[in-house]
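Below are the chains, spelled out letter by letter.
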Amino acid sequence: MIRKTLIAAVCASAFFGASWQASAATYKSEEGTLTVDEVVGGLQHPWAVAFLPEGKGMLVTERPGSLRVVSPDGKLSAPISGVPQVWVQGQGGLLDVELSPDFAKDRMVYLTYAEAAPDGKTGGTAAGRGRLSQDMTRLEGFTRIFQQQPKLSVGNHFGSRIVFDRDGYLFIALGENNNRPTAQDLDKLQGKIVRLYPDGSIPDDNPFVGQKNVRPEIWSYGHRNQQGAALNPWTGTLWTNEHGPMGGDEINIIERGANYGWPISTFGIDYNGQPIPESKGKIVEGVTHPFHVWEKSPAISGMAFYDADTFQQWDHNVFVGALAAQVLIRLELKDDKVVHEERLLGELKSRIRDVRQGPDGYLYLLTDEEHGKLLKVGLAQ
Ligand SMILES: [Ca+2]
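A short tour of the structure in this document, coming up.

Conventions used here
- Residues numbered from 1 in each chain as written.
- Predicted model: local features only at pLDDT ≥ 70, side-chain atom pairs only at ≥ 80, totals over all residues.
- Heavy atoms only, no water.
- Patch = residues over 30% accessible without salt bridge, like charges linked within 9 Å, V, L, I, M, F, W, Y side chains within 5 Å.
- Areas by Shrake-Rupley, 256 points an atom, 1.4 Å probe, with all protein chains shown as cover.
- Salt bridge = Lys/Arg side-chain N within 4 Å of Asp/Glu carboxyl O.
- Helix = DSSP H or I, 4+ residues; strand = E, 2+ residues; numbered from the N terminus.
- Buried < 20%, exposed > 50% of the residue type's maximum accessible area, 1.4 Å probe, protein only.
- Pairing = 2+ DSSP bridges.
- Axes fitted to C-alpha atoms, helices over the stretch in contact; angles between N-to-C directions.
- Core = buried A, V, L, I, M, F, W, Y, C linked by side-chain atoms within 4.5 Å.
- Contact = heavy atoms within 4.5 Å.
- 1 Å grid on protein atoms, 1.4 Å probe; cavity = no way out; pocket = protein on both sides within 12 Å on 5 of 7 lines; lining within 4 Å.
- Points joined across faces, edges and corners; volume = space filled by probe spheres on them.
- Nonpolar A, V, L, I, M, F, W, Y, C, P; charged D, E, K, R; others polar.
- Phe/Tyr/Trp six-rings, centres within 6.5 Å; stacked < 30°, edge-to-face > 60°.

Together, Met-246, Ile-269 and Tyr-271 give the surface a local cluster of nonpolar side chains, amounting to about 290 Å² of exposed area. Its place among the elements puts Ile-269 in the loop between β16 (249–253) and β17 (292–294). On the basis of relative accessible area, Ile-269 is assigned to the partly exposed category, the value being 33%.

One open sheet accounts for four strands, arranged β14-β15-β16-β17; its pairing is antiparallel. Edge positions in the sheet fall to β14 (225–231) and β17, since each has one partner strand and no second. On average, each strand axis in the sheet is tilted by 15 degrees relative to the strand beside it, whichever way the strands run. Note: strand β15 (residues 238–243) against β16, four bridges, orientation antiparallel. Its bridge partner being in β16, Glu-242 is matched across the sheet by Glu-250.

The next thing to look at is the nonpolar core. Core analysis: the biggest nonpolar cluster contains 31 residues, and Trp-314 and Leu-374 have the highest contact counts within it. The set of elements that each furnish at least two residues to this core consists of β2 (34–43), β3 (46–51), β4 (58–62), β22 (352–357), β23 (363–367) and β24 (372–379). When residues no more than four places from it in sequence are discounted, the contact partners of Leu-374 are Asp-37, Glu-38, Val-39, Val-40, Leu-43, Val-49, Met-58, Val-70, Tyr-364, Leu-365 and Leu-366. Val-83, Phe-103, Met-136 and Leu-139 belong to the second-largest nonpolar core, a separate cluster that totals 25 residues.

Now for the layout of surface pockets. Taken as a whole, the largest pocket spans an internal volume of roughly 750 Å³. If you trace the largest pocket, you find 31 residues lining it, with Glu-98, Ala-230, Leu-231, Arg-356 and Gln-357 closest to the centre. Sorting the residues of the lining of the largest pocket by element identifies β3, β6 (94–99), β10 (161–164), β14, β18 (300–305) and β22 as the ones contributing at least two each. Here the residues of the lining of the largest pocket are counted per class, giving 19 nonpolar, five polar and seven charged.

As a further point, take the environment of Gly-32. As for its position among the elements, Gly-32 is in the loop between β1 (25–27) and β2. In the structure, Gly-32 is positioned 83 residues away from Glu-115 in sequence and 44 Å away in space, judged by C-alpha atoms. With sequence-adjacent residues up to four places away left out, Gly-32 is seen in contact with Tyr-27 and Leu-379.

Let us now look at the packing of aromatic side chains. Two numbers describe a pair of aromatic rings. These are the distance of the centres and the angle of the planes. Within the structure shown, the criterion is met by 15 aromatic pairs. Ring centres 6.1 Å apart and planes at 75 degrees place the aromatic pair Phe-208 and Tyr-221 in the edge-to-face group. With Phe-208 in the loop between β12 (192–196) and β13 (218–221) and Tyr-221 in strand β13, this pair connects stretches of sequence that are 13 residues apart. In terms of burial, Phe-208 and Tyr-221 fall into one category: buried. Cluster of aromatic residues (ring-pair linked, three or more members): Tyr-306, Phe-311, Trp-314, Phe-319 and Tyr-362.

Our focus in this paragraph is the sheet that holds β3. One open sheet holds the three strands; their spatial order is β3-β4-β5, and the pairing between them is antiparallel. If you trace the sheet from one side to the other, it starts and ends with β3 and β5 (66–70), each paired once. Neighbour to neighbour, the strand axes of the sheet diverge by 20 degrees on average, direction disregarded. Bridge analysis of β3 against β4 gives five bridges, and the strand direction is antiparallel. Among the inter-strand pairings, Val-49 is bridged to a residue of β4, identified as Val-60.

Structure follows, in structure tokens:
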């Protein structure tokens, strides 16, 4: 145990200097004293963070359209060039960032973003990839590999998160553009998870390939607005989370071809206090029900499984960010059930947009604010 702690401390200092003990703010939690370090501030509505290999720091997206490098010592780069033009409207803009599983060889960076229709009045989610130059100032040859069609959003529910599975398939978790019925329409890409090859081509063994009037990209459907997704490191299965309407935020374990219910099945109600018009109830036959549901919505975004050795108190926990509730949610799992929930860092009064486990075993959070921050969270040892 002592040895492990020592190794963790050495790794942590190799990654981000040894300053946290001196500068970290501390907060109480059930598992010990939380330490919170500001890695960098002054981020404009940061949305997603991805870790570069070999301790080179991180890539961070800002929703108004910038992708930046945060160096290991917390310096913020100028915007990286070659990033696509994004549609900055409502919840839209530059969204998720993920590195290729073969990044060490191919240096590919994947982005999701909102793009406008030609008339500029509506938009949808798109994804693309480009090669990060060695000096990390440019994305070269950026190419769109996916777009939601038709473009139905006027500024809401773009999702989105990118996850690669262990076999290298690319999953994109999407929103329904605030057009409820489309989540059940298999001829549209709203409210879906799609499964692609990394170049955007469609695998032949996707569940709906070859069916008439059905989009072959679809892997699962009936989703509302998914803003968190991660691969379960113990099972290799894809988990996503999605915003319900008023109530009914969900975590789902994604199965091939399954219907996750929105809007015919939901634990939430409409913002006007009335039932969702299309809903037939909470439990509906033929629908895969949520793994976990919040009847009162924290407005969840980002998700990370904790599988590092650094803080063993967090072993097998799942962390989820919350925007409206302004907390980091910690869930304890036992036999694949959520057995306990703790809400952390409410003192910060910050909308938590993303949460990831860093290579040093600390958690990294982004706060969705005009002057947002990248925070590093651990437990005092
Ligand atoms: Ca559902």
